[in-house]
Structures are given as structure tokens and as C-alpha cells.
Amino acid sequence: MDLRIFTEPQQGATYDDVLAVARATEDLGFDAFFRSDHYLTMGGDGLPGPTDAWTTLAGLARETSRIRLGTLVSSATFRYPGVLAIQVAQVDQMSGGRVELGLGAGWFAAEHAAYGIPFPAKRFGILTEQLEIVTGLWGTPVGETFDHAGEHYTLTDSPALPKPVQRSPLDPSRAGVPVIVGGGGPTRTPRLAARFAAEYNQAFPEVASVPGRIAHVRAACVEAGRDPETLVQSVALVLCVGRDEAELARRASAIGREVPELRANGVAGTPDEAVERLTWLAAHGVERVYLQVLDLADLEHLQLVAEQVAPHLPGA
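### As for the overall build of the protein
Thought 1: The number of helices and strands found in the protein is eleven helices and twelve strands.
Thought 2: In terms of overall size, the protein behaves like a compact globule, its C-alpha atoms giving a radius of gyration of 19 Å where 316 residues would be expected to give roughly 20 Å.
Thought 3: For the protein, the C-alpha atoms occupy an extent of roughly 60 × 45 × 40 Å along the three principal directions.
Thought 4: Within the protein, the fraction of its 316 residues that count as buried is 53%.
Thought 5: Once local pairs closer than 6 in sequence are excluded, the contacts in the protein between residues at least 24 apart make up 73%.
Thought 6: Summed over its atoms, the accessible surface of the protein is roughly 13,400 Å², and 53% of this surface lies on carbon and sulfur atoms.

Take a look at the structure:
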């Protein structure tokens, strides 16, 4: 099982704070460092303010050497798809081919209002077209042009440059980076994942619902004529682990959460409890878990998981 560290810098973090967590992620043997793509805190004052996701990842691309880097997830409302394709391809080049793109429709209306970003009532069509355009630009052979005429975007005679370093997981003959699509809907999102994604992510699901959602997206793959085994199944869950109840309570308090709720909904409790939760997920088809780390100053938390949880997981 892959363990990835996932952060929420909009809650209040500088680039240096994020860099410290990314370096710990790399040094401690985790597979990847991911971050949210938000511009407004969801609680607290958010000081010193948000950091832009792709600006941050560009910096991390040059200051790390092994871990994968990406967003969970970028909002389709924040950037034109042509601009996003250029940004992601450039950061992929800067990292030597270690970037992944999580892309979603966007949901947080308040951050759009706060920074003057349009927030259409209907966004699924925008997300679909963005996925068509971003993957189409990357996959267009060098020397050819890309065109798109859709409801939301029109591209004419695009040189479709630059290209990512990586090859598309869905078609290795074309350039591309792994795309992550996620959501809880039973029909439209699984179909979108089957069409475009290397990975389907469930963000903070009720744990008992995970196998059913996996079944939905695997069925969508079959419907699309795709082998379900080619789509990585992942979940994102909050992390809160302590060696004993006192340490667990301290970490829960630091992120403003209650221990019973964390135990029910996250990867939380003692190291043995964390191993039990992750092993259960693996048994039900989850291949990758994003551990949401909310206290970016607590690097000892990551060390505890690396030393007492990760070595005891399936495939370790």
C-alpha cells in the first residue's frame, strides 16, 4: 500500500512550512507529498495566508528528489485549461517527471467570492472539458496542433506545448501525467474517472462506503471497455496517531477534533489501530491512502507513522 502525505496549507502555512513537511515526507520514506488547492481558510484566521498550489509545487520540484508531487485536487474554476496544462507540464519538467494532477469541479463558493473568481452554478461540464483539453494538449504529437470547440472553451491551432516529461498512463505512446479524479457520485464521476484518470480517489468517505464506491467505478470501467485493474483506487483520510491516549488526545486537540470522531472516520488511534484500519482498506481494494496532516509543525507525527505503522502494512 502506498502512503502519501496530504496537507491543507490554506489553513495557515508559509512555503517554508510546506517545504519542511515535504522534506520530512521524502526523508521518512513516504511515497508522495500532495496539497490542497484552496485560497481561503475553512476555520481560524488562516495566517499568514494561502500559498498557491502550483507555485508551491514548482518550488518543491526543485527542492525534493524522489517523492511524487501533486494536488488533491485543483479546482477547474481557478485556471483556464490551457494555462493549467502549461503549468503542470512545466512543473513535471522541473521535477524530472514526478507530478500528478488531481482535478475537480470546485465546491467552496466563499473562496471564489473572496478573490473575485467566478463560481458557476453548474461546473461538471467545465470539469469534463478541462480534462479533455488538458489531456488533449499533452497528448498531441509534437509538430501537430490541437483544436477544441466546446460549450465552455475554444482552442484554435494550439501548438500544444510544452509537453510533460512523463508518458500518459492510459496511452504510453502519448505524453501526459497521471490524472486523479474523485468524488462520491454513483454515475457521472466514475464514468469520468474511467475515461480520463489513472486514479480514482475517495475524499473523506464513510469508511464502510468505500467498497461500494470502488464497485461503482470498476463497473464504469467495464462499461467504457477499460480494464478496471488499470485504475488505481485511493482514499484520503485524516491522520491522528499517538503512542498512547494522552499523545492521541494532544494531537486531536491541536487540530480541533474529537478522538472518538477521528477513530470512526480517519486513520487514528494507536499505531496498531492505524495498521488495522489501513489493512482493512487494502483488503477491500484500496491501493493508496492520502494521510491528511493538519498540524504541519508536528513532524514527529510523520516519524511515528513511518516507524510504527508503514512497516506493518500489506506489501511493506
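### Focus: the nonpolar core
Thought 1: Ranked by internal contacts, the top residues of the largest apolar core, which has 74 residues, are W54, L101, W138, L281 and L291.
Thought 2: Considering each element in turn, this core owes the most residues, seven residues, to helix α5 (residues 124-139).
Thought 3: For W54, the contacting residues outside a window of four places in its chain are T71, S74, R79, L84, V88, V91, V99, E100 and L101.
Thought 4: The next biggest cluster of nonpolar side chains, apart from the first, holds eight residues, and it includes L248, I255, L262 and A268.

### Notes on the packing of helix α6 (residues 188-196) against helix α7 (residues 210-223)
Thought 1: Where α6 contacts α7, the two axes come as close as 8 Å, and the packing angle between them is 55 degrees. With respect to their mutual orientation, α6 and α7 come out oblique. As for how α6 packs across α7, the hand of that crossing is right-handed. Counted together, P190, R191, A193 and A194 of α6 and H216, V217, A220, C221 and E223 of α7 form the full contact between these two elements.
Thought 2: Taken together, the residues that form the contact of α6 with α7 break down as six nonpolar, one polar and two charged.

### Some thoughts on the pattern of salt bridges
Thought 1: Counted by the stated rule, this structure contains 18 salt bridges.
Thought 2: Taking the shortest distance from any N to any O, the salt bridge between R243 and E247 comes out at 3.2 Å.
Thought 3: Using a relative accessible area of 15% as the deciding quantity, one classes E247 as buried.
Thought 4: One salt bridge in this structure joins E247 and R251, with 3.2 Å as the shortest N-O distance. Remark: R251 and E247 occur in helix α8 (residues 245-254); sequence separation between them is four residues, near one turn of the helix.
Thought 5: The network of salt bridges with common partners includes R243, E247, R250, R251 and D298.

### With respect to the pairing of strand β6 (residues 146-149)
Thought 1: What you see with β6 is a clean split: F146 and H148 sit on the buried side and D147 and A149 on the side with no burial.
Thought 2: Relative to strand β7 (residues 154-158), β6 runs antiparallel, the two being bridged by three bridges. Of the residues in β7, the one forming a bridge with A149 is T154.
Thought 3: Taking the residues between adjacent antiparallel strands as the criterion, β6 and β7 are bridged by four residues.

### Concerning the packing of aromatic side chains
Thought 1: Within the structure shown, the criterion is met by five aromatic pairs.
Thought 2: Ring plane angle 25 degrees and centroid distance 5.1 Å describe the contact between W107 and F108, whose orientation is recorded as stacked.
Thought 3: Residue classification places F108 among the buried positions, given a relative accessible area of 14%.
Thought 4: Three or more aromatic residues joined by ring pairs form one cluster here, namely Y39, F78 and Y115.
Thought 5: Positioned above the aromatic ring of F124 is the side chain of R188, whose terminal nitrogen or guanidinium carbon lies 4.0 Å from the ring centre.

### A short note on the pairing of strand β5 (residues 99-104)
Thought 1: Burial within β5 is extensive, with six of its six residues counted as buried.
Thought 2: The side-chain alternation of β5 yields two buried faces, one formed by V99, L101 and L103 and the other by E100, G102 and G104.
Thought 3: One ladder, built from two bridges, connects strand β3 (residues 68-71) with β5; its direction is parallel. Bridge assignment links L69 to a residue of β5, and that residue is V99.
Thought 4: The pairing of strand β4 (residues 74-75) with β5 spans two bridges and is classified as parallel. Residue pairing across strands places S74 opposite L103, the latter belonging to β5.
Thought 5: Crossover handedness for the path β4 to helix α3 (residues 81-95) to β5: right-handed.
Thought 6: Looking at chain direction, β5 and strand β8 (residues 179-182) are connected through two bridges and run parallel. Bridging across to β8, L101 finds its partner in V179.

Here is what the cut-offs are and how they apply
- Residues numbered from 1 in each chain as written.
- Predicted model: local features only at pLDDT ≥ 70, side-chain atom pairs only at ≥ 80, totals over all residues.
- Heavy atoms only, no water.
- Helix = DSSP H or I, 4+ residues; strand = E, 2+ residues; numbered from the N terminus.
- Rg over C-alpha atoms; globule rule 2.2 N^0.38 Å.
- Buried < 20%, exposed > 50% of the residue type's maximum accessible area, 1.4 Å probe, protein only.
- Contact = heavy atoms within 4.5 Å.
- Areas by Shrake-Rupley, 256 points an atom, 1.4 Å probe, with all protein chains shown as cover.
- Core = buried A, V, L, I, M, F, W, Y, C linked by side-chain atoms within 4.5 Å.
- Axes fitted to C-alpha atoms, helices over the stretch in contact; angles between N-to-C directions.
- Parallel < 35°, antiparallel > 145°, perpendicular 65-115°, else oblique.
- Left-handed = near helix turned anticlockwise from the far one by under 90°.
- Nonpolar A, V, L, I, M, F, W, Y, C, P; charged D, E, K, R; others polar.
- Salt bridge = Lys/Arg side-chain N within 4 Å of Asp/Glu carboxyl O.
- Pairing = 2+ DSSP bridges.
- Phe/Tyr/Trp six-rings, centres within 6.5 Å; stacked < 30°, edge-to-face > 60°.
- Lys NZ or Arg CZ within 6 Å of the ring centre and 35° of its normal.
- Right-handed = clockwise from strand over helix to strand, strands pointing away.

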